Amino acid sequence: MSKGQRLWVKGDDINDWKAVSPAGQVLGCHGANHCSPNDDQGVLLPESGAYVVSTSFRMGGGVMTAPALRRYVRITFTVR
């Protein structure tokens, strides 16, 4: 991705997300270290290069539910 672009991550199964810049800077929304799943602000990218995007997912059955071996979710990444 390129410096000055903005990144959004959207999806109903996402609990939160964050991006890590090529230099290791953790990027979140509204001054936090993460973003809400459908936050309109997104993240302004401070440098060009490959970013790592981390997400955490909502657990449908709650914390007492055994982890599933696989989980299929829909996530939309937008960069402009």
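Residues numbered from 1 in each chain as written. Predicted model: local features only at pLDDT ≥ 70, side-chain atom pairs only at ≥ 80, totals over all residues. Heavy atoms only, no water.

(A) Structural context of the pattern of salt bridges. Per the counting criterion, the structure on display carries 1 salt bridge. For K10, the salt bridge goes to D40, with nearest N and O atoms at 3.4 Å. Of this pair, K10 sits in strand β1 (residues 6–10) while D40 sits in the loop between β3 (26–27) and β4 (43–44), placing them 30 residues apart in sequence. On the basis of relative accessibility, which here comes to 29%, the residue K10 falls in the partly exposed class. (Salt bridge = Lys/Arg side-chain N within 4 Å of Asp/Glu carboxyl O. Helix = DSSP H or I, 4+ residues; strand = E, 2+ residues; numbered from the N terminus. Buried < 20%, exposed > 50% of the residue type's maximum accessible area, 1.4 Å probe, protein only.)

(B) Quick peek at the environment of D39. Positionally, D39 belongs in the loop between β3 and β4. Relative accessible area serves as the criterion here: at 13%, D39 is assigned to the buried category. Placed 22 residues apart in sequence, D39 and W17 show a C-alpha to C-alpha distance of 10 Å. The residues touching D39, leaving out its near neighbours within four places in the chain, are W8, K10, C29 and H30. A distance of 2.6 Å separates the side chain of D39 from the backbone nitrogen of Q41, its partner in a polar contact. (Contact = heavy atoms within 4.5 Å. Polar contact = N/O pair within 3.5 Å; in protein donor to acceptor, adjacent residues only side chain to side chain.)

(C) Inspection of unusual backbone geometry at higher detail. For H30, which is not glycine, the phi torsion reads 55 degrees and is therefore positive. Relative to the helices and strands, H30 resides in the loop between β3 and β4.

(D) Region of the structure containing the side chain of S21. Among the secondary structure elements, S21 is positioned in the loop between β2 (14–20) and β3. In terms of polar contacts, S21 uses its side chain to reach the side chain of E47, at 3.0 Å. Residues in contact with S21, not counting those within four places in the same chain, are P46, E47, A50 and Y51.

(E) Examining the side chain of D39 more closely. For the buried D39, no salt bridge exists, and the shortest N-O distance to an oppositely charged side chain is 7.4 Å, to K10. Reaching out from D39, the side chain makes a polar contact with the side chain of H30 at a distance of 2.8 Å. (Lys, Arg positive; Asp, Glu negative; His and termini not counted.)

(F) Just the confidence of the model for the chain, in detail. Of all residues in the chain, 90% attain a pLDDT of 70 or more, and the chain-wide mean is 89. Averaged over each element, pLDDT in the chain is lowest for strand β5 (residues 52–57) (90) and highest for β3 (97). (pLDDT = per-residue confidence, 0-100.)

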